[in-house]
Amino acid sequence: MTLALTSLTLSHFRSHKLGRMTLDSRPVAIYGPNGAGKTNVLEAVSLFSPGRGLRRASAEDMTRRPETLGWKITGVLQSLHQMHEIEIWSEAGAARQVRIDGKAAPQTALGRIARVLWLIPAMDRLWIEGAEGRRRFLDRMTLSFEPGHAEASLAYERAMRERNRLLKDMVRDPAWYSALENQMAETGITIDSNRRAALGQLAQAQEDATTAFPTAELTLLHADGELPQSQADLRATLADNRQRDMAAGRSLIGPHRADIRGVYRAKNVPAKDCSTGEQKALLVSLILANARALARDFGAPPLLLLDEVAAHLDADRRAALYDEIVSLGAQAWMTGTDPELFEALGPRAQYIHVSETGGVSQIAAQR
């Protein structure tokens, strides 16, 4: 079965005043000079999933300058056996809106019909940056398996913000905390359970695969040891920890303090201690494992967005990546400065040239 965009139109989105693409389910190789807007195309595709997209940008930041008229993305998505017309837009910096098959829909509804994964250069520091970036990486993977993970995360964040406000105001009456801590415990256990299930799916997908990329072993960690595994225990822990949290001015226990530890299994070396090339290969391995697991779980491989990935792999690894993508049957959107980077794909891909003439971007499909 297939998950693919068969058409994509960008209007006043980032650098693109107007861009139209007609596509099939093959991988998409996008090439052109730096600054032409290749990554902007990938960002537009990333908005076909819940969340803020691969740049985590605001709706206002995505509008084309200097017009600031707002922007619109439309696409036809083939999802399993169905075709969906999707419109995503923002009017002059207002919140992003979504319409699916002519009907207004929340962003979370996109997660029921599409799965989108991405790997961008900013993620190359994943293993050596702070825990927040790794949590986002884990939650994107988790969301790909469980669309409801976004709603649980939002509910948890809302309750935690209210609780933190009480802590900063030195409110001591337990009655003010009870409902908030109950909400945090309920959604916190759901978040933790979803994350553990996603890691299990990834581990299985890596075990079952024959791949040229190294296996990454992931372990879920928490700042204060193990997170309580029942709602009642987490609620009690939050209540018991109020005094310490009040001194800190924030909640110190919960899934918002989670982290993941990555290990290059064949060498038994922590990912943070691996070479830059090995760290990149581990990331590619995880994205491919996520895609394989989704192909089994969702019924079709996800849309893959791989920004400048070809430039950071040697020729053999590049060819191996292309072979795995084609074998998986994923519509992978890849960017690079030169078409030669995609030479090993040959006719197995469709090609899009992005350039800029007179300050206006040009998108030309070369099927």
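None of these values were measured; they are calculated from a predicted model.

What counts, and at which threshold
- Within every chain, residues take consecutive numbers counted from 1 along the sequence as written.
- Per-residue local features are limited, in this predicted model, to residues with pLDDT of at least 70; the limit for side-chain atom pairs, both in listing and counting, is 80 or more; totals at the level of whole chains, interfaces and linings are taken over all residues.
- Each side-chain value is worked out from all heavy atoms of the structure, with water and hydrogens disregarded.
- Planes of paired rings set the category: under 30 degrees apart is stacked, over 60 is edge-to-face and the rest tilted, where pairs are Phe, Tyr or Trp rings (Trp by its six-membered ring) whose centres lie within 6.5 Å.
- Helix and strand labels come from DSSP, where a helix needs a run of H or I of at least four residues and a strand needs a run of E of at least two; each type is numbered from the N terminus.
- In this scheme, a residue with accessible area under 20% of its type's maximum is buried, one over 50% is exposed, and one in between is partly exposed, where area comes from a 1.4 Å probe on protein chains only.
- If DSSP finds at least two bridges between two strands, the strands pair.
- What makes a salt bridge here is a side-chain nitrogen of Lys or Arg within 4 Å of a carboxyl oxygen of Asp or Glu, nothing more.

**A closer look at the packing of aromatic side chains**
- Taken as a whole and judged by the stated rule, the model has two aromatic pairs.
- Both rings, one in Phe-13 and one in Trp-71, keep their centres 5.3 Å apart while their planes meet at 80 degrees; by these two values the pair is edge-to-face. In this pair, Phe-13 sits in strand β1 (residues 3-13) while Trp-71 sits in strand β4 (residues 71-79), placing the two residues 58 residues apart along the sequence. Across this residue pair, the class does not change: Phe-13 and Trp-71 are buried.
- Taking the centre distance of 6.3 Å and the plane angle of 35 degrees together, the rings of Tyr-322 and Phe-342 count as tilted. Linking Tyr-322 in helix α8 (residues 315-328) with Phe-342 in the loop between β13 (332-336) and β14 (350-357), this pair joins segments that are 20 residues apart in sequence. A single burial state applies to Tyr-322 and to Phe-342, both of which are buried.

**A word on the pairing of β4**
- Residues of β4 alternate between two faces, with Trp-71, Ile-73, Gly-75, Leu-77 and Ser-79 buried on one and Lys-72, Thr-74, Val-76 and Gln-78 left unburied on the opposite face.
- In terms of strand pairing, β1 meets β4 through eight bridges, oriented antiparallel. Residue pairing in the sheet places Ser-7 in a bridge with Val-76 of β4.
- Hairpin remark: β4 followed by strand β5 (residues 82-90), antiparallel, with two residues in the connecting loop; positive phi at Leu-80, about 60 degrees.

**Here we look at the pattern of salt bridges**
- All told, the structure shown has 23 salt bridges when counted by the stated rule.
- Asp-192 is the salt-bridge partner of Arg-196, the closest N and O atoms lying 2.8 Å from each other. Taken as a pair, Arg-196 and Asp-192 lie in helix α4 (residues 175-207) at a separation of four residues, close to a single helical turn.
- You can call Asp-192 buried: its relative accessible area is 2%.
- Among the ionic pairs, Arg-196 bridges to Glu-226, the shortest N-O distance being 3.4 Å. One end of the pair, Arg-196, is in helix α4; the other, Glu-226, is in the loop between β9 (216-222) and α5 (231-240), with 30 residues separating them in the sequence.
- A residue is classified by how much of its surface remains accessible, and Arg-196, at 30% relative accessible area, is partly exposed.
- On the accessibility criterion, Glu-226 (59% relative accessible area) is exposed.

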